[in-house]
Amino acid sequence: MIADDHLLVRKGIRTLVEELGHEVVAEVDEGIAAVAAVLALKPDLALVDIAMPGLSGIEVVLRVAVSLPGVRLLYLSGLSDKEAVIQALRAGADGYLLKDFLLDDLAVALQTVMRGERYVSPSLPVAIHQALEGSEEPLLTSRQIEVLRGLADGLTLKQIARAMNVSPKTVEFHRAKLSERLGIRDIPGLARYAARMGLVGGR
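How each quantity is defined
Residues numbered from 1 in each chain as written. Predicted model: local features only at pLDDT ≥ 70, side-chain atom pairs only at ≥ 80, totals over all residues. Heavy atoms only, no water. Helix = DSSP H or I, 4+ residues; strand = E, 2+ residues; numbered from the N terminus. Contact = heavy atoms within 4.5 Å. Buried < 20%, exposed > 50% of the residue type's maximum accessible area, 1.4 Å probe, protein only. Pairing = 2+ DSSP bridges. Right-handed = clockwise from strand over helix to strand, strands pointing away. Axes fitted to C-alpha atoms, helices over the stretch in contact; angles between N-to-C directions. Parallel < 35°, antiparallel > 145°, perpendicular 65-115°, else oblique. Left-handed = near helix turned anticlockwise from the far one by under 90°. Nonpolar A, V, L, I, M, F, W, Y, C, P; charged D, E, K, R; others polar. Core = buried A, V, L, I, M, F, W, Y, C linked by side-chain atoms within 4.5 Å.

## Here's the deal with the environment of leucine 182
No. 1: Mapping leucine 182 onto the fold places it in helix α9 (residues 168-182).
No. 2: Spatially, the C-alpha atoms of leucine 182 and valine 85 are 14 Å apart, while their sequence positions differ by 97 residues.
No. 3: Once residues lying within four places of it in the same chain are set aside, the contact partners of leucine 182 are Glu83, Leu140, Leu190 and Tyr193.

Next comes the structure, spelled out in structure tokens:
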């Protein structure tokens with residue numbers, strides 16, 4: 001299955017995947033549809049863009065990895081900064097492929113994740129590969145991601161609390177944990193981080 005909100009990118013990826021001998025069972029253009037398609041079709045592998053409307057690719061992976069651990073999950077992304085790559089993989093994905101890949105890169109990525117191994121684009125900075133080998137950086141929970149999205153969308157803690165059906169104190173707790181885990185103390189900084197991770201926008 002291929003999930004990407006850009007039609008031309010999605011069609012191009014489909015052509016390459018089929019050229020490599022794989023069957024594409026579905027194409028979707030936003031995150032909520034991606035989760036629904038995976039749960040309904042149970043593909044062997046899902047190629048997921050990180051920055052999508054509805055739900056980000058990271059949120060898609062968080063949900064699918066818990067519900068269907070047998071589905072292999074490979075990110076397709078243009079993001080190459082350390083924070084984005086590490087956090088994305090910590091969500092439970094099997095690989096991270098930069099969108100400027102060659103056909104051989106795609107072939108190796110698909111083969112690697114289908115073997116149950118992790119694939120990370122070799123063109124990513126060496127520091128990222130080193131960090132992935134030894135990093136204990138914790139995963140953001142789905143609740144923390146909800147709070148992060150709300151902050152990025154300019155909501156107050158009370159508004160986020162109403163949307164999540166929890167108390168403002170609970171939201172403040174999650175916000176504090178976000179600051180602690182990401183090392184970002186102010187709300188504008190958290191909003192910028194959310195934008196880099198593709199979390200800005202409505203559900």
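## Thoughts on the environment of leucine 47
No. 1: Structurally, leucine 47 is set in strand β3 (residues 45-49).
No. 2: Leucine 47 gets classed as buried once you look at its relative accessible area, which sits at 3%.
No. 3: In the structure, leucine 47 is positioned 37 residues away from arginine 10 in sequence and 9.9 Å away in space, judged by C-alpha atoms.

## A word on the pairing of strand β4 (residues 72-77)
No. 1: The element β4 is largely enclosed, with a buried count of five among its six residues.
No. 2: Of the pairings in the sheet, the one linking β3 to β4 comprises five bridges and is parallel in character. Bridge assignment links leucine 47 to a residue of β4, and that residue is leucine 74.
No. 3: Handedness of the β-α-β unit built from β3, helix α3 (residues 57-67) and β4 comes out right-handed.
No. 4: Taking the sense of rotation as the criterion, the β-α-β connection linking β4, helix α4 (residues 82-90) and strand β5 (residues 95-98) turns out right-handed.

## Concerning unusual backbone geometry
Outside of glycine, negative phi angles account for most residues, and trans bonds account for most peptide bonds.
No. 1: For lysine 42, which is not glycine, the phi torsion reads 50° and is therefore positive.
No. 2: When you line up the elements, lysine 42 lands in the loop between α2 (31-41) and β3.
No. 3: By relative accessible area, which is 51% here, lysine 42 ends up exposed.
No. 4: A positive phi angle, near 60°, is found at asparagine 165, a position not held by glycine.
No. 5: When you line up the elements, asparagine 165 lands in the loop between α8 (157-164) and α9.

## Some details on the pairing of β5
When a strand is regular, its side chains alternate between the sheet's two faces.
No. 1: By the alternation rule, side chains of β5 split into Gly95 and Leu97 and Tyr96 and Leu98, which are all buried.
No. 2: Pairing between β5 and strand β6 (residues 119-120): two bridges, direction parallel. Among the inter-strand pairings, glycine 95 is bridged to a residue of β6, identified as tyrosine 119.
No. 3: Handedness of the crossover joining β5 and β6 through helix α5 (residues 103-114) is recorded here as left-handed.

## Focus on the sheet that holds strand β1 (residues 2-3)
No. 1: Taken together, the six strands give an open sheet; going across it, the order is β2-β1-β3-β4-β5-β6, and neighbouring strands pair in parallel fashion. Where the open sheet ends on each side, the last strands, each with one partner, are β2 (27-28) and β6.

## Some remarks on the packing of α2 against α3
No. 1: Following both chains from N to C, one finds α2 and α3 inclined at 15°, their axes separated by 10 Å at the closest point. Put simply, α2 runs roughly parallel to α3. For the pair α2 and α3, the crossing hand works out as right-handed. Contacts from Gly31, Ala34, Val35, Val38 and Leu39 in α2 reach Val60, Arg63, Val64 and Ser67 in α3.
No. 2: Across the contact of α2 with α3, the residue classes tally to six nonpolar, two polar and one charged.

## Side note on the nonpolar core
One recurring pattern in soluble globular proteins is that nonpolar side chains are buried together.
No. 1: Ranked by internal contacts, the top residues of the largest apolar core, which has 55 residues, are Met1, Ile58, Val60, Tyr75, Tyr96 and Leu148.
No. 2: Other than its neighbours up to four places away in sequence, methionine 1 contacts Val25, Ala26, Val28, Ala34, Ala37, Val38, Pro43, Leu45, Ala46 and Leu47.

## Concerning the packing of helix α7 (residues 142-152) against helix α10 (residues 187-196)
No. 1: It is at 8 Å that the axes of α7 and α10 come closest, and there the two elements cross at 105°. In terms of axis orientation, α7 runs roughly perpendicular to α10. For the pair formed by α7 and α10, the contact residues are Leu148, Leu151 and Ala152 on the first element and Ile187, Leu190, Ala191, Tyr193 and Ala194 on the second.
No. 2: Looking at the contact of α7 with α10 residue by residue, the classes come out as eight nonpolar, no polar and no charged.

Purely geometric numbers; function is a separate question.
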